[in-house]
Each structure stands twice: as C-alpha cells, then as structure tokens.
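So the chains spell out like this:
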Amino acid sequence: MRMTTPLRAAAAASAALLLATACNSQRGQDDKDAAADGACRGQQTTGITDKSIKLGGIYPLSGPASAYGTIGNGVNTYFKYVNDKGGIDGRTVEFVVRDDGYQPPKAVEEARRLVEQEKVFAVFQTLGTPSTAAVWDYLNKRKVPQPFVATGASVWGTDDKHPWTTGWQPNYVSEARVYAKYLKEEKPKARVAVLYQNDDFGKDLLGGFKAAVDGSGIKVVAEESYEVTDPSVSAQMTSLARSKADVLLDVTTPKFGSQALAADAKNTGWDPLHIVNAVSASTSVLKPVGFKNVQGLVSATYFKDPADPQWADDAEMKTYKDALKKYAPDSDPANQFNAYGWAVASSLHKALDRMKCPTREGLRDAVRDLKDVKVDMLLPGVTLSTGSDDAFPLETMQLMRFKGERWQLFGEPVDTRKEFGSPEN
C-alpha cells in the first residue's frame, strides 16, 4: 500500500505519543485482557460479557468538523432503542463517546483512554481520515476491532496490514466515479473546477475523479485546496470562479461546504453545476445558506433521507424517528447525520449477530464475512458485502438533486463494484 503524504503526517503526529506509552500499554496486556475458553479459547473477551458489550466512539464534538458530532447521537439512540428491546443477543450495549476535535494527536489520546481505561470491546466509529489514520496502528497492535470507520478513504479497503480496521460508507474513489459517470452522460465536454480539503479525504476523491475522466472530453481546469484550520474558503472560491468552469466539484467537510455554497450563491456572474460530496450533503449544511440558493445541487447517497416524504410510511424510518424523539429529543430527525448514525449502528448490530465467537477476534472476522446483508435504513438495493478479498462493505450509491427543501433521488443505483471494479483499478 502506498501511503500518501497527509496520511503519513497523521501517522507521524501520533508516533511520539504511541512510542511514549508503548511499554506501559503493552506491559501486562496478557494479564489485563480477559480471554474466552471452550471453542473460542484464548480469544479476547475484554469489554464483552454474557450481559453487556462496551463500545467506544471518537467524534469531533468540537472544532472545525463538529457538525459530524451528531452522528454519535444517532448511534447512541439506536443502541438505547435496542437495549430497551433486550439488547444484542441479550447483551446491553454501552456506548462511550470521546471528543477529538478533529485533531489526530487528540484521537490517539482518546483511543488509548477507551482501550486502556474504559476497556472497550471495540472502537466503533472513529470519524475522519486523519484521525482514523492516526489510531489504526495502535488499535491493530492491541488487536482491538475498529469496525465501520466514519470515513470513505479507499485505504481502509485496499490495505492488508490492518485486519482489525474496516470501512463502511462507499469509498471516495468510487463516489468520484459516480460523479464522473454522470458528467460523461450529461455534460461530456464539462470544464470542471475543484475545491478540495488538503488531506487524504480530499485527495482521494479528487484523484479518483481525475482518473475516471481521463481520456474523456471532461477536463479539470482549476483546483484549489484548503486546510481544516483555514477560517474560510472565500479566496479559493474567487479563484475558481475566474476559471469560468461550468461544473464545480465541491470536496469539503460541512463547515467549508456551507461556505462554498454561500460563495457560489453570492457570485451571480458564475453559475456552474455544483456537485457536493456525500459527506457534506446534509440539509444541516445547506440550510444556513438558504434552500433557495442551493437549488439544483447534485450529490449521491446510499441511505434513506429522513426528510424525503417517500419514506414517511417506511417502518424503519418510523422507528428511527420515534426513537430519536424518545432518547434524543433535542436532535433533529431530519438531519441526515443522525440517520447515518442509526444506519451504521444497525450495521454493527448485524455484524455482532454474526460473530461465531463473542470475542474481539469474532467481531474482526464477522465484519469481513458479510454477504448481501440487508440494513433497513439503507436504500433499496444497497446491502453490506465483504469478503477475504473485499473490505468495502458498501459500494452502491444513487445520485440525488436538491429541489425545494429536500433532496430527490434520480437515476438508478450504481453498483460501483460491478460498474467500475476495485478502487485500485
């Protein structure tokens, strides 16, 4: 696996902390970690008993990506709902959430806290490519499952050195290919300007898009990047507008996504087709800009939108909304990030149900052995599938366009496995 510069930087940011604590972390580990007996003899049972499962999650509850923090509410709501129904295989789920502020060194500290102090069974949902890259060496060394990370970097599926880490959402390269396919069909001579976050997230999607349009009539004519520490992207948007591109590919996280949308709306002299990546497509990102200013915006998704009336009578959507009202009454049920949290927690439930052994090893193996598993919050036709040579659980997406006050699906779901093959191709 080739590690890109930002990913190396994230790993380097955590290296000193890992080195300083390595001896203490490893010393006595065999004595501290509980082990199974019988058919599962020797496998780790830390964080799981016959009556409980303790999970940890790391989210940016503060900082430049704090909009994602509500994902943890969706996850926790799902587990509270399940607990009231008897738990998962009779086990009550405890979900411990820590805040890393979208800072890789802080993510390392919180991962250590969850593993060494909280004694969690798994670190479920580390959010963001930089934070996930910062902790996966540590978690894999400690043999702690890191299932369904909240980032679509393709490395989670292409790497073969971290068997304890698994992605969930469609990877950014495949998402980029969906947008490229759409443009080839609808605007085959498109001139594209790109705004992207200067890290593995942004470069993964940008690289995937460039590769997908190579040799076609579509040309990337301008690129501007930003750092997560930047106050705004107004200067970048001004520069991109000078390109007079007829398509803007917006590869941003929520704070900067809102800024880019606002800048686009303000510039009446430039009116490109605006495509925003899925991780910034929540209406919570669009609403501050004004829905009237984001009409015609295009993105892609893979789970049901709670604001879409076509799901009003959907049984899972009703359950989700009722549960959120009961367990997280201050949370907005129409916020797609809450629905994302519910969907990924439901996905973990499916994996936990499939463990052959109720151990860390059992979960590690279960998330790598999912065969067309249905999750009710996902779009029809979208299922979880993994295998020994396929570590990309979700690979189907459908395009959507913003109209009125909500997203509307259009076209047919695109199975990127069948359409494009592996992100490595």
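Residues numbered from 1 in each chain as written. Predicted model: local features only at pLDDT ≥ 70, side-chain atom pairs only at ≥ 80, totals over all residues. Heavy atoms only, no water.

## Thoughts on the environment of Arg368
The criterion, for reference: The way it works is that DSSP assigns letters per residue, a run of H or I at least four long becomes a helix, a run of E at least two long becomes a strand, and they are numbered from the N terminus. Working rule for contacts: check all heavy atoms of both residues, and any pair within 4.5 Å makes them a contact. Polar contacts here mean pairs of N or O atoms no more than 3.5 Å apart (in protein, one a potential hydrogen donor and the other a potential acceptor; neighbouring residues in sequence count only if both atoms are side-chain atoms).
Of note, Arg368 is situated in the loop between α14 (360-366) and β9 (373-374). Between the C-alpha atoms of Arg368 and Asp390, which are 22 residues apart in sequence, the distance is 7.8 Å. Apart from the residues lying within four places of it in its own chain, the contact partners of Arg368 are His162, Pro163, Thr165, Thr166, Thr386, Gly387, Ser388 and Ala391. At 3.4 Å, the side chain of Arg368 forms a polar contact with the side chain of Thr166.

## Focus on the UniProt feature "domain: Leucine-binding protein" (unreviewed entry) in the chain
To be explicit about the condition: UniProt positions are given in the numbering used here, feature names are shortened, and annotations may be inferred rather than shown by experiment.
In the numbering used here, UniProt assigns the "domain: Leucine-binding protein" (unreviewed entry) feature to residues 52-403. The distance separating the terminal C-alpha atoms of residues 52-403 is 45 Å; by composition the span is 39% helix and 17% strand.

## Structural notes on helix α3 (residues 71-84)
We count it as follows: Multiplying 1.5 Å by the helix residue count minus one yields the expected span of that helix.
Here α3 contains 14 residues, and its C-alpha end-to-end distance of 20 Å stays within 8% of the 20 Å for a straight helix at 1.5 Å per residue. Close packing links the buried residues of α3 with β1 (52-59), β2 (92-99), β3 (122-126), α12 (315-327) and α13 (336-353). Directly after α3, the chain includes Gly86, whose backbone phi takes a positive value near 110°.

## Concerning the sheet that holds β2
Just so we agree on the cut-off: In short, DSSP must find at least two bridges between two strands for them to pair. Angles here are taken between N-to-C directions and fall from 0 to 180 degrees, while the axes themselves are lines fitted to C-alpha atoms, restricted in helices to the stretch in contact.
Pairing is parallel across the open sheet formed by 3 strands, whose spatial order is β2-β1-β3. Of all the strands in the sheet, just β2 and β3 have a single pairing partner and so form its edges. Averaged over all neighbouring strand pairs, the angle between strand axes comes to 25°, with direction disregarded. Pairing between β1 and β3: 3 bridges, direction parallel. Residue Gly56 lies in a different strand from β3, and its bridge partner there is Val123. The sheet contacts of α3 involve β1, β2 and β3, and relative to β2 the element is tilted by about 165°. The strands that α13 touches are β1 and β3; relative to β3, the one it contacts most, it runs at about 150°.

## Some remarks on the state of the cysteines
Defined as follows: Pairs of cysteine sulfur atoms within 2.5 Å are what we label disulfides. Partly exposed residues are those whose accessible area sits between 20% and 50% of the maximum for their type, while under 20% is buried and over 50% is exposed, using a 1.4 Å probe and protein chains only.
Under the defined criterion, the tally for this structure stands at 1 disulfide. Between Cys40 and Cys357 runs a disulfide, and the two sulfur atoms are separated by 2.0 Å. Every disulfide takes its handedness from the sign of the S-S torsion; for Cys40 and Cys357 that torsion is -90°, giving left-handed. On the criterion of sequence distance, the pair formed by Cys40 in the loop between α2 (29-32) and β1 and Cys357 in the loop between α13 and α14 is long-range, its members being 317 residues apart. We note that Cys40, like Cys357, is buried.

## Overview of the pairing of β2
For a regular strand, side chains alternate in direction, first toward one face of the sheet and then toward the other. We apply this condition: When the strands point away from the viewer, a crossover counts as right-handed if the route from the first strand across the helix to the second turns clockwise.
Examined bridge by bridge, β1 and β2 share 8 bridges and lie parallel to one another. In the sheet register, Lys54 faces β2, and the bridge partner there is Glu94. In terms of handedness, the path from β1 via α3 over to β2 forms a crossover that is right-handed.

## Section: unusual backbone geometry
We note that Lys119 has phi near 55°; this positive angle belongs to a residue other than glycine. The phi angle at Lys244 is positive, at roughly 60°, despite the residue not being glycine. Mapped onto the elements, Lys244 comes out in the loop between α9 (234-241) and β6 (247-251).

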